[in-house]
Amino acid sequence: MKNYYVFLVACFLYTSCDKNPTTTDPSLIISIKFDSTQQRFDAFGDSSTIPIGHAAQHPQFNGLSLHNIELVPNELTPLMGGDVIFIGQETSVGGAIAVDFDQAIIRSNGEVFVEIPINELTPGTYQYVRTSVTYQNYSVNFNLNNVPAFPSGTTNLVDQQGTVASFVGFNTYINTLQVNQMDTSIQGNRVQGFWAFESDLTSPYSAYNSIYAGQSAGTTVVNPLFNTTPIPAGSCLVTGSFMQPFEIAGTETEDIRVELSYSTNKSFEWQDDNGNGKWDINVGGQTETVVDMGLRGLQAHKL
């Protein structure tokens, strides 16, 4: 018994004198930012303005999901030829291979999207980054016109707000979709351009809030490397440049932080039939058509 106590004391002294606590390997920490003041680009990375007859607004972003992130050395690097540092979960439950929305990472402004150990990265110098955007959730303003009023006639509800859940990836399997406060069952694959809209009407019309779904005609995908590395149709590989060449030595001893800043500058665009600059939804009539929901650029910053 005496020897047993001596053994315990020896173990205690050994562990108490350990001067080498466990260290954590450094990571590349990638965060998300939404910026309505960032430049607005077209699909080719050129400056873009709102066409005559259209209107647009800066949506208030609630969340974003990426399916992959690729560090790109230069403009001649083929798709997936750089260092693909993140790939999201996929599933074939809906038939064709699709992004598994149930397992998608969704982050809001300023949040960390993913952390990757630096020892898993390929050392090198990278000038660009490609990100496969799959899901966007944001709030927009609208007018709801010709609403039946009690006891007769109609009224217009101006400056209302609603939430858009927009799927812009190549294909996404959605089980149940919660847009804002409400949810809807999808249970199937949806290709790029599928959206759901939940109204948030003010009292006394709040009881009429509902979810509406549809398919957009197009999605702008900004790719300034279009001439050398075009992207497949139906994908949403938003490409951006590092503000300074981004270097990975592979011998780093501290974390590296990178911010992916997406332009939301008038990224929600519609056909402005009456020229009032407001998105008009008309009960029982022609609703102004949404023509674009795509992000308008990407800049990568080493913090």
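Note that the structure is a prediction, hence the values are computed from the model and not measured.

## Concerning the overall build of the chain
- Per the secondary structure count, the chain includes one helix and 20 strands.
- Computed over C-alpha atoms, the radius of gyration of the chain comes to 24 Å, more than 25% over the 19 Å expected from 2.2 N^0.38 for 303 residues, which places it beyond the range of a compact globule.
- Overall, the C-alpha framework of the chain stretches about 95 × 55 × 40 Å when taken along its three principal axes.
- For the chain, the residues scored as buried account for 46% of the 303 residues in total.
- For the chain, contacts bridging at least 24 residues in sequence account for 72% of all contacts bridging at least 6.
- Approximately 15,600 Å² of the chain is accessible, and the part contributed by carbon and sulfur atoms is 51%.
- The centroid of the 12 positive side-chain charges in the chain is displaced by 7 Å from the centroid of its 29 negative side-chain charges.

## Here's the deal with the confidence of the model for the chain
- Taken residue by residue, the chain gives an average pLDDT of 90. The fraction at 70 or more is 92%.
- Predicted confidence is poor over residues 1-22, with pLDDT under 50, and the contacts of this stretch with residues over four places away or in other chains come to zero contacts.

## As for the pattern of salt bridges
- Counted by the stated rule, this structure contains five salt bridges.
- For the salt bridge of Arg296 with Glu269, the shortest nitrogen-to-oxygen distance reads 3.3 Å. In this pair, Arg296 sits in the loop between strand S19 (290-292) and strand S20 (298-302) while Glu269 sits in strand S17 (residues 268-271), placing the two residues 27 residues apart along the sequence. Taken as a pair, Arg296 and Glu269 share a single burial class, namely buried.
- One salt bridge connects Asp292 with Arg296, and the closest N-O pair in it is separated by 3.3 Å. Considered together, Asp292 and Arg296 belong to a single accessibility category, that of buried residues.
- One salt-bridge network, held together by shared partners, links Arg40, Glu269, Asp292 and Arg296.

## Considerations on unusual backbone geometry
- A cis amide bond links Ser203 with the next residue in sequence, Pro204, at an omega value of 10 degrees.
- Counting through the fold element by element, Pro204 comes out in the loop between strand S13 (194-200) and strand S14 (211-215).
- Of note in this structure, Met80 is not a glycine but carries a positive phi near 65 degrees.
- Turning to its location among the elements, Met80 is positioned in the loop between strand S3 (60-72) and strand S4 (83-87).

## Here's the deal with the environment of Ser261
- Within the fold, Ser261 resides in strand S16 (residues 256-263).
- We classify Ser261 as buried; its relative accessible area is 1%.
- It is 20 Å that separates the C-alpha atoms of Ser261 and Val164, two residues lying 97 residues apart in sequence.
- In contact with Ser261, not counting residues within four places along its chain, are Lys33, Asp35, Gln38, Gly297, Leu298, Gln299 and His301.
- Within the structure, Ser261 has its side chain in polar contact with the side chain of Gln38 (distance 2.6 Å).

## Section: the sheet that holds strand S5 (residues 90-91)
- Pairing in this open sheet of four strands is mixed, and the strands run S5-S6-S11-S12 from one edge to the other. Two strands in the sheet have a free side with no partner beyond their single neighbour: S5 and strand S12 (183-191).
- Pairing between S5 and strand S6 (residues 98-100): two bridges, direction antiparallel. Looking across to S6, one finds that Glu90 is bridged to Val99.

What counts and how
Residues numbered from 1 in each chain as written. Predicted model: local features only at pLDDT ≥ 70, side-chain atom pairs only at ≥ 80, totals over all residues. Heavy atoms only, no water. Helix = DSSP H or I, 4+ residues; strand = E, 2+ residues; numbered from the N terminus. Rg over C-alpha atoms; globule rule 2.2 N^0.38 Å. Buried < 20%, exposed > 50% of the residue type's maximum accessible area, 1.4 Å probe, protein only. Contact = heavy atoms within 4.5 Å. Areas by Shrake-Rupley, 256 points an atom, 1.4 Å probe, with all protein chains shown as cover. Lys, Arg positive; Asp, Glu negative; His and termini not counted. Charge placed at Lys NZ, Arg CZ, Asp CG, Glu CD. pLDDT = per-residue confidence, 0-100. Salt bridge = Lys/Arg side-chain N within 4 Å of Asp/Glu carboxyl O. Polar contact = N/O pair within 3.5 Å; in protein donor to acceptor, adjacent residues only side chain to side chain. Pairing = 2+ DSSP bridges.

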